[in-house]
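# Topology and contacts: notes
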Amino acid sequence: MHRKYQDLINQMTLKEKASLTSGKDFWQSKNIDRLSIPSMFLADGPHGVRRQAAAADHLGLNASIPATCYPTAVTMANSWDEQLGEKLGYLLGKEAAVQKVNVLLGPGLNLKRNPLCGRNFEYFSEDPYLSGKMAASYVRGIQENGISACIKHFACNNQEENRMTLDSIVDERTYRELYLTGFEIAVKEGQAKSVMSSYNLINGTYANENKHLLVDILREEWGFKGMLVTDWGGNNDSVESLKCFNQLEMPGTPDRPEEIIKAIEKGELDEEILNDNVDTMLDLIFDTTENGVKKALAKFNEDEHHLFARKCAQESAVLLKNNGVLPLDSTKKTAFIGDFLYNPRYQGAGSSIVNPTRLDATIGIICNYKIDLVGCARGFNRFGKRNKKLYKEAIALAKKAEVVVLYLGLDEVTEAEGLDRTDLKLKDNQLELLKDIKVLGKKVVVVLSCGSAIEMPFATDADAILHGYLNGQAGAAAMLDILVGDVNPSGKLTETIPVKYEDVATSDNFPSKTRTIEYREAYGVGYRYFEKAKVPVCFPFGFGLSYTTFAYSNLVITEEGVTFDIQNTGKTTGKEVAQLYVGLKKSKVIRPVKELKGFVKVDLKPGETKTVTIPFDDKTFRYFNVLTNKWEVEKGVYDIYVGASSADILLTGKLEKEGVKSSAPYNLKQLPHYVEGNLRNIPAEEFEVLLGHKIPDGSLPFYKKNRLKVDYNTTIKELRYAPGWVGRLVGKALPWFTRVLIKFGNRELANTLIMGVVHQPMRGIARFSSGGTRMSQLDGLIMIFNGRLFKGLSHFLKEGKKYKKLAKAENKAATKA
């Protein structure tokens, strides 16, 4: 391949080239001053820049430089507005460049396979097409500033528990159509300059060294030319990952460069592969430095960015129910109740935590609105602890009001990176307060703050439900704007709200407690499953109300797309999200009833009609044929649906496609559950037909009862089965300590331990340490845990002494130079 920086590479020593493949610290790539090669700074940034000023960490513990905290991805997706997403991306990129960040680590676009996934707040949707379109808009906006967006986590990182050692077992068609399509759109349409590989394995191979994913699909099929970076601590095999063009390990360790040099010297790795990887690294380093960081402004306008964050929150809020109580009547006595009035829940927890430039709280700004306010009260403890005083104060206040606006939601430790939720429920004290207020005969408006689906048994009791999701630092003002009618809500759900968790296709086997997680449900994610299986839902995908009404008419279908009219039939200016779905009833392949293939958001004045077009694209009719290993269009008469949600189809038509002549990829008689849509608890034999091979054994490889040989990928939690007593002590003590912390109310610290320690594989001790613990020292610890106490301790101390001596010599040489 042609190398842009061949002349520069020729001047580099083998050690210098290898050093570029691992960061110099927690957030920066290596610089080589003698050749004027600068370092790059990488920072978290799905919904706000998180460049840490003090000690670096990946868990969100240390405060970062103040930045605008925009609504999270799950919230922004509800806007269904690509232009809005691109503007948000642009402002994110501007702030990143001001802070001298070369690579902004986001957006995240993993599919919401199961609503309990702890990181769902960071992802867009249960639908890959919508996820991809929104991600591409972010990427275009971020990269307009000359820096790089970094789409993540590539791929199938759909469970947080054991995420660093979990093997996602998924059939090829489901893999391509559901879990990779969003990334494909972000790469091709967004032209992402960098991609982050995920922690997990996919069909037996770690993502960061998965040739099928990183070479065959990402580079050869999609034409990706940019840089690949590991998730933090996510490097499994340095040499294999380099062969798959995963250029950069983060955070930096001395081990990877040494492992690469040894492999080249032994003839196990061609130096030309290293050169190719270095050339890609240099291209991104110089591009983002010269065109991004060096051209950035000295500061950004905090007021303007805050106002835009408010607009994003306004456009993304979803009105789920309204019995006429909204907008609030300024002449009716109204009480505002809820802990979230005082301390807003506006972002998730973990590596995406943003230190906001400012933070609106409802209690501090409600006086600016025309409301006949009788008072405000906390009402409950958000973490679920019962408090009679707060409850009595709320009930007493509610009795004075005609309308009660009740702010409910999930607490900060329920939704977090590194661990999954245990249920879809709000805390009992919140639900009981709502019921008791309703018994008083009051109109109740529920305002929700949470980052993913919840059960809503209160949907029948509430007179109105406004879902703000996690709406950023200006979200409190945006909710009040909608409540009083200054803004007409226009957001629509990008995930299905089930009646109960047990209705979800994957509810019986999530999270997986073994070393594998089987995607047996195939296409059965979200609305695809609920509609096929005819399972009732609380609120369907794509649903959202407005303060006005709309009418659809005059559908015209051509080979290029669909055209139709939308009229605002109400008395208020509003925006409508029209959605295009496509299905094929008589199909040789397994399909859901219909799938989202396009959307458009239209702004209409009262009485106004607009003709809108949703074009077809290369993804409208395609499916992945596992027999030919190609995307194909099946011959047939396709059903075309246009509507206000997946369940509210207002216009229908048909279009015949010639397609290609090829054999059916499956014997449908062998796949009855998939054909019928009965996707819960698929028999193993049937899943194996879909997979094309036997299901891998996900159980722990005990060599005798409850004894496990410890290796690099044994987690801290799994040490409870170690041969050595030291290992068993560590493996039992840490999980026990987290349970104690939870019992005594310190859930936040417990979550941090679970995320950063308990589910960490042994190699993570070295990979996360930035050289503090070397892989060869880790060998000593593994010996100890395997029962070879004295030999392991001797090895650990000997290696530590050796590296301390080497570091001292290197520092001395650097000082002399």
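Every residue gets a number counted from 1 within its own chain, in the order that chain's sequence is written. pLDDT decides what is reported in this predicted model: residues at 70 or higher carry local features, side-chain atom pairs at 80 or more are listed and counted, and totals for whole chains, interfaces and linings draw on all residues regardless. In computing side-chain values, all of the structure's heavy atoms are included and hydrogens and water are not.

## Brief notes about helix H15 (residues 475–483)
Within H15, nine of the nine residues are buried, which leaves it mostly tucked inside the rest of the structure. Looking at the buried positions of H15, the neighbouring elements they touch are helix H11 (302–316), strand S10 (333–337), helix H12 (362–365), strand S12 (403–409), strand S13 (443–449) and strand S14 (464–467). After H15 finishes, the residue Gly485 shows a positive phi value of roughly 95°. To sort residues, take the accessible area from a 1.4 Å probe on protein chains only and compare it with the maximum for the residue type: under 20% means buried, over 50% means exposed, and anything in between is partly exposed. Runs of E in the DSSP output that reach at least two residues are strands. Runs of H or I that reach at least four are helices, and both are numbered from the N terminus. In this description, contact between two residues means that some pair of their heavy atoms is separated by no more than 4.5 Å.

## Quick look at the pattern of salt bridges
Just to be clear on terms, a salt bridge is a Lys or Arg side-chain nitrogen sitting within 4 Å of an Asp or Glu carboxyl oxygen. This structure, assessed with the given rule, holds 59 salt bridges. Where Lys152 meets Asp44, a salt bridge forms, and the shortest distance between an N and an O atom there is 4.0 Å. On the criterion of sequence distance, the pair formed by Lys152 in strand S3 (residues 148–154) and Asp44 in strand S1 (residues 42–44) is long-range, its members being 108 residues apart. When the shortest N-O distance is used, the salt bridge between Lys513 and Glu161 registers 2.9 Å. Placement of the pair is Lys513 in the loop between strand S15 (497–498) and strand S16 (516–518) and Glu161 in the loop between S3 and strand S4 (167–169), with a sequence separation of 352 residues. Note on Lys513: relative accessible area 61%, which makes it exposed. Residues joined by salt bridges that share partners form a network here, namely Asp44, Arg50, Arg119, Glu122, Lys152, Glu160, Arg163 and Glu417.

## Things to note about the pairing of strand S26 (residues 649–657)
Pairing between strand S25 (residues 636–643) and S26: eight bridges, direction antiparallel. Paired with Asp639 across the bridge in S26 is Lys654. The rule for pairing is simple: two strands pair if DSSP sees at least two bridges between them.

## Focus on the sheet that holds strand S22 (residues 609–615)
The strand order across the open sheet built from three strands is S18-S19-S22, with neighbouring strands paired in antiparallel fashion. Strand pairing shows two members of the sheet lacking a second neighbour, strand S18 (550–557) and S22, which therefore form its edges. Each strand of the sheet is rotated relative to its neighbour by a mean of 25°, with strand direction disregarded. As defined by bridge partners, S18 adjoins strand S19 (residues 561–568) across six bridges and the pair is classed as antiparallel. Within S19, the position partnered with Ser553 by the bridge is Asp565. In this analysis, axes come from line fits to C-alpha atoms, helices being fitted only over the stretch in contact, and the angle between any two N-to-C directions falls in the range 0 to 180 degrees.

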